[in-house]
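# Coordinate inspection notes
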Amino acid sequence: MPLLTAARAVRENAHAPYSRFKVGAALLGADGRIHVGCNVENVAYPEGTCAEAGAIAAMVAAGCREIREVAVIADSPDPVPPCGGCRQKLAEFAAPGVPVTLATTGGASRVVTVAELLPGAFAPAHMGD
């Protein structure tokens, strides 16, 4: 799977000197390109950036606004889902049925949808007119 390969490769670039928990993410954009991101920690913990947020930022910077598929990988016993904030960020750019592959460096994986990650997502329709 090209997305998982890209996520695995970018994970190696993660800056995680505090948690030592490196994460890589790759998105297939509607533009047909793969956009990647890795977590970037900061000693002031809340100021770090998640891998998924980094990949979304790279996609938007490249001029794309729609995610068609997602892959996230981490070195963990079980596949790790995105944090709550990244689930909302994914829902901003991906349809509810977009597949999200969650994987470990050891080879375990599972596939869910954006809607399964964030049921009842806050959406533009909630903003009213």
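Residues numbered from 1 in each chain as written. Predicted model: local features only at pLDDT ≥ 70, side-chain atom pairs only at ≥ 80, totals over all residues. Heavy atoms only, no water.

## Details of the side chain of Ser 76
Put simply, the test is: Secondary structure elements are defined from DSSP: runs of H or I of at least 4 residues count as helices, runs of E of at least 2 residues count as strands, and each element is numbered from the N terminus. Whenever two N or O atoms come within 3.5 Å, that pair is a polar contact, provided that in protein one can donate a hydrogen and the other can accept it, and provided that, for residues adjacent in sequence, both atoms are side-chain atoms. Any pair of residues with heavy atoms lying within 4.5 Å of one another is described as a contacting pair.
Checked against the element boundaries, Ser 76 lands in the loop between strand 3 (67-74) and helix 3 (84-93). Separated by 2.6 Å, the side chain of Ser 76 and the backbone oxygen of Asp 78 make a polar contact. The residues touching Ser 76, leaving out its near neighbours within four places in the chain, are Phe 21 and Thr 104.

## Overview of a nonpolar patch on the surface
Using the following cut-off: Note on patches: the residues involved have over 30% relative accessible area and no salt bridge, like charges join within 9 Å, and the nonpolar side chains Val, Leu, Ile, Met, Phe, Trp and Tyr join within 5 Å. Here, Shrake-Rupley sampling with a 1.4 Å probe gives the accessible areas, and only protein chains in the shown set may cover a residue. Each reported salt bridge corresponds to a side-chain nitrogen of Lys or Arg within 4 Å of a carboxyl oxygen of Asp or Glu.
A cluster of nonpolar side chains, Tyr 18, Val 43 and Tyr 45, forms an exposed patch at the surface whose accessible area comes to about 340 Å². With respect to the helices, strands and loops of the structure, Tyr 45 is situated in the loop between strand 2 (34-38) and helix 2 (51-61).

## With respect to unusual backbone geometry
Phi at Arg 20 is positive, roughly 60°, even though this residue is not glycine. Structurally, the position occupied by Arg 20 is in the loop between helix 1 (2-11) and strand 1 (23-29).

## Some remarks on the nonpolar core
In plain terms, the rule: As used here, the term nonpolar core means buried Ala, Val, Leu, Ile, Met, Phe, Trp, Tyr and Cys residues forming a set that is joined through side-chain atoms within 4.5 Å. Note on exposure labels: buried denotes an accessible area under 20% of the residue type's maximum, exposed denotes more than 50%, and partly exposed covers the range between, all computed with a 1.4 Å probe on protein chains only.
Among the nonpolar cores identified, the biggest contains 20 residues, and Leu 27, Ile 67, Val 70, Val 72, Leu 90, Val 98 and Val 100 are the most heavily contacted of them. Residue assignment for this core shows that the elements contributing at least two residues are strand 1, helix 2, strand 3, strand 4 (99-104) and helix 4 (114-117). When residues no more than four places from it in sequence are discounted, the contact partners of Leu 90 are Leu 27, Ile 56, Ile 67, Val 70 and Pro 82. Counting 8 residues, the second-largest nonpolar core is a separate cluster that includes Ala 6, Ala 71, Ile 73 and Ala 103.

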